[in-house]
Amino acid sequence: MPRFQALAVHEISEKAPDDIVTIADTESEERLTEGLAAILPEARIVGEEAYAADASLLDNLVSGAIWIVDPVDGTTNFSEGITPFALMIALAVDGETEAGWIYDPVASRLCHGHRGNGAFVDGERVRSKPTDNPLPVAALAMHFLPPERRADLEERAAGKLTVVPIPRCAGEQYPRLALGQNDISLFQKTFPWDHAPGALFLEEAGGKTARLNGERYRATELRPGLLSAATPELWDKAAEILLD
């Protein structure tokens, strides 16, 4: 938090086109890595920034215990001095996400999902629910889609969905689905640190995250495309509208 709205120009850089990293990302990952290693020494740690330096970290996510770390989700927002942004951690065991945490340090809100044991916000159990909007509220991340696919989605959604701006932070998007602010979200990029904690949190709250063909989401699979909804019924409705 001392870095928020206090970054110097040289503390922000591009690790790839449209992919910002700041000194806060690297410092946060270093501290989280140290702390998580102390909690569960036998687990591997796969962090977003470590992956940027060594892509082989994603080669084997289906064996043993693995901490999956996003040190600052919503880095673009953070670099611009605006919210939302979050810290996200998931614990996967033999390819299955068993627990996940999403912390919003500005709101001091901790979302936590534990497989088979429910979803919680600041210790209080939550159940996902649809919004009260006449048309389902959809946050569609289309930045990384080709222009023709964007146009197709816009045409499909017209008159059937209320399309709202994305928060540019998966750590905010999944809580919005679980807490009745949004009904549907669509992502193209599906790196595990962006989705493993939130997908489990939403699932444990009663929502649904799945691949575009309906297959169950697993953080160990890196193919693109992910559709989420506040309820399984809304997921089916979204798939009918947005997907072939």
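Refer to the preceding data block for the structure.
Quick caveat: nothing in here was measured; it's all calculated off a predicted structure.

Engineer: Just checking my understanding: could you explain the nonpolar core for this structure?
Structural biologist: Buried together is how nonpolar side chains tend to be arranged in soluble globular proteins. The biggest cluster of nonpolar side chains holds 31 residues, and the ones touching the most others in it are Val46, Ile68, Tyr174 and Phe201. In contact with Val46, other than residues within four places in its own chain, are Leu57, Leu58, Leu61, Ile66, Trp67, Ile68, Val69 and Trp193. With 20 residues, the next largest nonpolar core counts Met142, Ala230, Leu234 and Trp235 among its residues.

Engineer: I tried to follow the environment of Glu240 on my own but got confused; where do I start?
Structural biologist: Secondary-structure assignment places Glu240 in helix H7 (residues 232-242). Note: C-alpha distance between Glu240 and Arg156 (84 residues apart in sequence) is 9.7 Å.

Engineer: For this particular structure, what's the right way to read unusual backbone geometry?
Structural biologist: Glycine aside, residues mostly have negative phi angles, and peptide bonds mostly take the trans form. Here the residue pair Thr83 and Pro84 is connected by a cis peptide bond, since its omega of 5° sits within 30 degrees of zero. Here Pro84 is to be found in the loop between helix H3 (75-79) and strand E5 (86-93). Within the chain, Asp18 stands out as a residue other than glycine whose phi angle is a positive 65°. Classification of Asp18 as exposed rests on a relative accessible area of 53%.

Engineer: Explain the pairing of strand E7 (residues 109-114) here, please?
Structural biologist: Here is the key point about a regular strand: its side chains alternate between the two faces of the sheet. Only one face of E7 is buried: it carries Arg109, Cys111 and Gly113, and the other face, with Leu110, His112 and His114, is open. Following strand E6 (residues 96-104), the chain reverses through 4 residues before pairing antiparallel with E7; Ser108 in that reversal takes a positive phi of roughly 55°. For E7 and strand E8 (residues 118-121), the ladder comprises 4 bridges, and the chain directions are antiparallel. By the bridge assignment for E8, Cys111 is matched with Val121. If you look at the hairpin formed by E7 and E8, you'll find 3 residues sitting between the two strands, and Gly116 has a positive phi there, around 80°.

Engineer: What is the right way to read the sheet that holds strand E14 (residues 226-229) from this model?
Structural biologist: Sheets are built from strands paired through backbone hydrogen bonds, the pairs being either parallel or antiparallel. With mixed pairing, the 5 strands of this open sheet are ordered in space as E11-E10-E12-E14-E13. At either margin of the open sheet sits one strand with a lone partner, and together these are strand E11 (162-164) and strand E13 (208-210). Geometrically, the sheet is characterised by an average inter-axis angle of 20° between neighbouring strands, direction not taken into account. On the sheet, helix H5 (residues 170-178) packs against strand E10 (137-140), strand E12 (184-187), E13 and E14 and is oriented at approximately 150° with respect to E12.

Engineer: Whenever I open this one, helix H6 (residues 192-205) confuses me. Can you help?
Structural biologist: Taking 1.5 Å per residue, 14 residues should reach 20 Å; H6 reaches 19 Å between its end C-alpha atoms and fits that length. The element H6 is extensively covered by neighbouring structure, given that 13 of its 14 residues are classed as buried. Within two residues after H6, Gly206 carries a phi angle of roughly 110°, on the positive side.

Engineer: In this structure, what is going on with the pairing of E14? I would like to understand it.
Structural biologist: Across the two faces of E14 the burial is the same, with Leu226 and Ser228 and Leu227 and Ala229 all buried. Relative to E14, E12 runs antiparallel, the two sharing 4 bridges. Considered in E14, the bridge of Phe187 is made with Leu226. Note that E13 and E14 share 3 bridges and pair antiparallel. Bridging from a neighbouring strand, Lys208 pairs with Ala229 of E14.

Engineer: Quick question: what am I supposed to make of the sheet that holds E8 here?
Structural biologist: Read across the sheet, 7 strands follow the order E3-E4-E5-E6-E7-E8-E9 without closing on themselves; strand pairing throughout is mixed. Only two strands of the sheet have a single partner each, and these edge strands are strand E3 (44-47) and strand E9 (124-125). Lying over the sheet, H5 contacts strand E4 (65-73), E5, E6 and E7, oriented at roughly 70° with respect to E7. Along the sheet, H6 contacts E3, E4, E5, E6, E7 and E8; its crossing angle with E6, the most-contacted strand, is approximately 100°.

Rules behind the numbers
Residues numbered from 1 in each chain as written. Predicted model: local features only at pLDDT ≥ 70, side-chain atom pairs only at ≥ 80, totals over all residues. Heavy atoms only, no water. Core = buried A, V, L, I, M, F, W, Y, C linked by side-chain atoms within 4.5 Å. Buried < 20%, exposed > 50% of the residue type's maximum accessible area, 1.4 Å probe, protein only. Contact = heavy atoms within 4.5 Å. Helix = DSSP H or I, 4+ residues; strand = E, 2+ residues; numbered from the N terminus. Pairing = 2+ DSSP bridges. Axes fitted to C-alpha atoms, helices over the stretch in contact; angles between N-to-C directions. Expected span 1.5 Å × (residues − 1).

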